[in-house]
Amino acid sequence: MEFGIVELSRLQFAVTAMYHFLFVPLTLGLSILVAIMETVYVTTNRPIWRQMTKFWGTLFGINFAIGVATGLTMEFQFGMNWSYYSQYVGDIFGAPLAIEGLMAFFLEATFVGLFFFGWDKLSKVAHLCVAWLVAIGSNFSALWILIANGWMQNPVGAQFNPLTMRMEMTDFFAVLFNEVAQAKFVHTVSAGYVTASVFVIGVSAWFLLRGRHVELARRSITVGAAFGVAAAFSVVLLGDESGYNTSHSQKMKLAAIESMWDTHPAPAPFNLIGFPDQKARETHYAIKIPWVMGLIGTRSLDTQIPGINELVDKAQERIRSGQIAYKAMLEIRAKDGNVDPATETLFKDHSADLGFALLLKKYVDNPLDATDAQIKAAANDTVPQVWPLFWSFRIMVALGIGFIGTMIYFFYRASFRGMKFPRPALHLAVWMIPAPWIAAEMGWFVSEFGRQPWTVDGVLPTALSVSRLSITDVSLTLAGFVLFYTVLFIIEMSLMLKYIRKGPFQDVEETEAWTNRHTARLSGQPDGAAIAMPGE
Amino acid sequence: MILHDLISYEALRVIWWGLLGVLLIGFALTDGFDMGVGALLPFVGKTDTERRVVINTVGPVWEGNQVWFILGGGAIFAAWPPLYSVSFSGFYLAMFVVLACFIVRPVAFKYRSKRDEPLWRARWDWALFVSGAVPALLFGVAVGNVIQGVPFHFTDDLVAIYEGAWYAKFFGLLNPFALLAGVVSLSMLVMHGGAWLGVKAEGAVQARARAIGSVAALVAVLAYVLAGVWLAFGMEGYRIVGDYATNGPSNPLHFEVARSASWLSAYHDRPWIAIAPIMGIVGALLTFVGLRSGREVSTLLFSKMAIFGVISSVGLTMFPFIMPSSTDLRSSLTVWNSSSSHLTLFIMLFATVIFLPMILLYTSWVYKVLWGKVTEADVRDNGHSLY
């Protein structure tokens, strides 16, 4: 691949987005876990739950700071590096971003300060409300950004206006209730919940292995596992829903993930593993499971899923139809909209394919001048690179299924085996900590790399979307972002480790006194029951 | 959707032009004192405890304040896509510098006091100073360039092309008038930070903040008046020529634009807008007096009035221009040809009418809960939970 401005800009977006998403999932999930812990504290009045809230809250705060800092870049990068994209679809794409700020960012950011600084300034219940508002704010922000991203995958509720040379919103509710966005939202926040559960269980397991903070760790694992079971099921089920949506909104992405070159009579088999060969257009050494692909993709036994070759042929047809739309568009623009009804109808009938004509701009300035060979080349461009998608998808799914198993196991031990965990399981929990991050990054990779060569599927090619910057401009900022983010990441990790090693350091005496009395009371010793305790 | 016809396209455009101002002013009023406090940090805090007092005056609120900046970006994207597209890609490296500051600042706040080593803390103090002062300067520089007009043009497909090589684009921004505008914004925000510390701090920190803040207030007035004189005698303005529709499709290439004798002819056409610069100058002078005489809350209010006046004077003077092009006049962005569609503006207004009052309400509540001075004793007693 030649490294021009398009590739550099893509690389920068990928790097900054993937860095950002190292911090987001933990924020999404941990905000809720912390709020749950504080809820238990306020309802039972047991100091250990306040200590848990503060301990996990400190780790949440360290993570949140960088999540916000890296997220800031994203809000401005569309304008900086993707200026034609911003101009072309800002009328639709900008709205959810702005509403995200109004509805979510203000909520989480205003109250997060009060969460950390307000322990002595607020009543217990008021502070609990603050914790929940932070959690709700974080999760709302995921909703709106995924509505925006969902529209890039499945651009509904909009049409092209030749007079303004851009896509314009026609139906806000279609954008809002886009099925792709809804499934993605639940899938993504669930992934965040799994991440936080695995994190909490892993760190607690580390404490248990060292015999430290046992009471805090056992309770944390219980909360994490209960929350994690639901989240792990949800993330896999909604992932399946996303796959089902993809089968009608982004057929090419689905075929590429599956490395399905030829259309197979329904129900299609699922390639469990194999080695996709883009040049030869086949999958070597594939191990196939019959029927499964047809069932996942269409939820039926008789609907065909088109293969890559068939979709490329379709793309050629759509490019030719797009040329008709392009020609009509030029005429409408030149005459300021005062054209005969026939031209208007012609444009309307073909405008859904206008984006396909824009694929030709990579080869010719005027898409109407394209040769047959160029049309064929542009149609071939609609196939994303298959092997990275094929493999990242499979890693993600395998990890997802692994999370369900682990969570069920820990939930079972916590609920029915008196919060006693065998050492090998605890070791496994510690080693599993990075797994949800890997799965989440793989998921985003499949979603966004699989969308290529489009920024907005079928509407705007990536190659056209970039700002007309120089290679120096983007190289400088790319180097800058990588440097900044890496330094911050190292600092973040070192602080995270420092505060995990330090363990809970607030309200220590009060918690210890309560724990001793509580243990004594449970084991039936008289001096334990004799003392009146808060919350019992 | 027929509902959006309730408000005319023209009216929605003016409303969103006003809301753009509200967001910029909201950002300057809230995050402005955070930046001012950052810029003041090395000069008003001499010991570690004093510095922690300074930092903790904004500690619980900077995060919410910063959202005004993010929302500003989002709202420009949603309501003025061509402006978002042209300005951020045109001011590319300058934007990167601002972003870098806004990335470092949150981390500096959170991490500075998490370790005890003096070197660690000194480095983060330096980071807080730079990430406060540099954006405060650059925002003014950006406005100074917009007032002069920016070298860009649109192709027929509305691809925005910003003229010049990368170094010319970046260093071209740092021209004399733009730097003067940068001095206005930097000194104004330092004044605001001084007024904030006047309310939230006490003792030596407060005294130093007032002394520097009052000097900054005078500098702000002088630089602002000088910029006004420059506009009156040394710079042409822009005007739309011929007939134009205020409710037509948003395509910047649809208008004819020419240079005018001066931006200040707006004060001849709409004399009432003079209220804005008057508020700016009087507000800054009253802030000066307040800082000198040690009044607290009223000084902060006057400082807010000054910022409100200065920022709105820029918008009102340029109206209906948002971002004129110096090299291809007809590409200039105006209120009438660079907004989102009628429907999008309406939906965004709907969302704003619901959420903005809620934001103001709960933000005020949070400020109320946190009301009161941050003292050295607070920092000593709550060493763990404070920044």
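Residues numbered from 1 in each chain as written. Chains lettered and ligands numbered in written order. Predicted model: local features only at pLDDT ≥ 70, side-chain atom pairs only at ≥ 80, totals over all residues. Heavy atoms only, no water.

Caption draft 1: The overall build of chain B, seen in detail. If you tally the helices and strands in chain B, you get 14 helices and 6 strands. Relative to the 2.2 N^0.38 estimate, which gives 21 Å for 387 residues, the radius of gyration of chain B is 22 Å and therefore close to what a compact globule would have. Along the longest, intermediate and shortest principal axes, the C-alpha atoms of chain B span 65 × 50 × 40 Å. Buried residues in chain B amount to 62% of all 387 residues. By sequence separation, contacts in chain B at least 24 residues apart represent 81% of the contacts at least 6 residues apart. Split by element, the accessible area of chain B, about 14,200 Å² in all, is 71% carbon and sulfur. (Helix = DSSP H or I, 4+ residues; strand = E, 2+ residues; numbered from the N terminus. Rg over C-alpha atoms; globule rule 2.2 N^0.38 Å. Buried < 20%, exposed > 50% of the residue type's maximum accessible area, 1.4 Å probe, protein only. Contact = heavy atoms within 4.5 Å. Areas by Shrake-Rupley, 256 points an atom, 1.4 Å probe, with all protein chains shown as cover.)

Caption draft 2: Summary view of helix α14 (residues 386–416) of chain A. Helix length check: α14 of chain A, at 31 residues, gives a terminal C-alpha distance of 45 Å against a target of 45 Å (1.5 Å per residue), a fit within 8%. Backbone geometry just downstream of α14 of chain A places G418 of chain A in the positive-phi region, at approximately 55°. (Expected span 1.5 Å × (residues − 1).)

Caption draft 3: Geometry of the packing of aromatic side chains. Summed over all chains, the structure comprises 66 aromatic pairs over all chains. Ring geometry for Y409 of chain A against F410 of chain A: centres 5.6 Å apart, planes inclined by 85°, an arrangement best described as edge-to-face. Overall, Y409 of chain A belongs to the partly exposed group, its relative accessible area being 31%. An aromatic cluster is built from F13, F76, F78, Y85 and F93 of chain A together with F27, F69, F77, Y84, F88, F102 and F139 of chain B, whose rings are joined through pairwise contacts. (Phe/Tyr/Trp six-rings, centres within 6.5 Å; stacked < 30°, edge-to-face > 60°.)

Caption draft 4: Representation of the packing of helix α2 (residues 48–58) of chain B against helix α8 (residues 176–200) of chain B in the model. Residues and elements named next belong to chain B. Where α2 contacts α8, the two axes come as close as 10 Å, and the packing angle between them is 100°. When the axis of α2 is compared with that of α8, the two are roughly perpendicular. Of the residues in α8, those in contact with V54, T57 and V58 of α2 are W196, L197 and K200. Taken together, the residues of the contact of α2 with α8 break down into 4 nonpolar, 1 polar and 1 charged. (Axes fitted to C-alpha atoms, helices over the stretch in contact; angles between N-to-C directions. Parallel < 35°, antiparallel > 145°, perpendicular 65-115°, else oblique. Nonpolar A, V, L, I, M, F, W, Y, C, P; charged D, E, K, R; others polar.)

Caption draft 5: Molecular detail of the interface of chain A and chain B. Taken together, the contacts link 85 residues of chain A with 76 residues of chain B. Between chain A and chain B, the buried area comes to about 7,000 Å², and carbon and sulfur atoms account for 73% of it. For the chain A face of the interface with chain B, the top three residues by lost area are L102, F106 and F117 of chain A, together amounting to 12%. The tally of links between chain A and chain B comes to 3 salt bridges. (Buried area = accessible area lost by both parts, 1.4 Å probe. Salt bridge = Lys/Arg side-chain N within 4 Å of Asp/Glu carboxyl O.)

Caption draft 6: Up close: the nonpolar core. Counting 283 residues, the largest nonpolar core has W56, Y85, Y88 and F199 of chain A together with W80 of chain B as the members making the most contacts within it. Core analysis: the second largest hydrophobic core is formed by 22 residues, M252, L359, A378 and V383 of chain A among them. (Core = buried A, V, L, I, M, F, W, Y, C linked by side-chain atoms within 4.5 Å.)

Caption draft 7: Fine view of unusual backbone geometry. In this model, Q452 of chain A is joined to P453 of chain A through a cis peptide bond whose omega is 10°. Note that the residue after F319 of chain B, namely P320 of chain B, is joined by a cis bond; omega there is 5°. Within the secondary structure layout, P320 of chain B lies in the loop between α12 (297–318) and β5 (321–323). Phi is positive for S259 of chain A, close to 55°, though the residue is something other than glycine. Structurally, S259 of chain A is set in the loop between α8 (251–258) and β3 (270–277). Its identity is not glycine, yet D336 of chain A carries a phi of approximately 50°, on the positive side. The residue D336 of chain A is located in the loop between α10 (308–334) and α11 (341–350) in this model.

Caption draft 8: Spotlight on the pattern of salt bridges. Residues and elements named next belong to chain B. Counting across every chain of the model gives 31 salt bridges over all chains. For E50, the salt bridge goes to R208, with nearest N and O atoms at 2.8 Å. Taken as a pair, E50 in helix α2 and R208 in helix α9 (residues 203–233) lie far apart in primary sequence, 158 residues in all. Three or more residues joined by partner-sharing salt bridges are found here, namely D48, R51, R112, D116, R121 and D125.

Caption draft 9: Up close: the confidence of the model for chain B. Residues with a pLDDT of 70 or more make up 99% of chain B, whose mean pLDDT is 92. Reported for the predicted complex are a pTM of 0.92 and an ipTM of 0.92. (pLDDT = per-residue confidence, 0-100.)

Caption draft 10: Highlighting the packing of α10 of chain A against helix α13 (residues 372–381) of chain A. All names here are of chain A. Two elements in contact, α10 and α13, have axes whose closest approach is 8 Å; the angle formed by their N-to-C orientations is 125°. The pairing of α10 with α13 is recorded here as oblique in orientation. Seen from above, α10 lies across α13 with right-handed handedness. For the pair α10 and α13, contact is made by V312, A315, Q316, I319, R320 and Q323 and by D372, I375, K376, A378, A379 and N380, respectively. Of the residues contributing to the contact of α10 with α13, the split by class is 6 nonpolar, 3 polar and 3 charged. (Left-handed = near helix turned anticlockwise from the far one by under 90°.)

Caption draft 11: Representation of the confidence of the model for chain A in the model. Residues and elements named next belong to chain A. Of all residues in chain A, 97% have pLDDT values of 70 or greater, and the mean over the chain is 90. The secondary-structure element of chain A with the lowest mean pLDDT is helix α20 (residues 526–530), recorded at 47, while strand β6 (residues 460–461) shows the highest, at 96. For residues 528–536, every residue scores under 50 in pLDDT, and the model assigns this stretch 17 contacts once sequence neighbours within four places are set aside.

Caption draft 12: Local environment of α10 of chain A. The terminal C-alpha atoms of α10 of chain A, which comprises 27 residues, lie 38 Å apart, in line with the 39 Å expected from a rise of 1.5 Å per residue. Where α10 of chain A ends, the next residue or the one after it, D336 of chain A, has phi of about 50°, a positive value.

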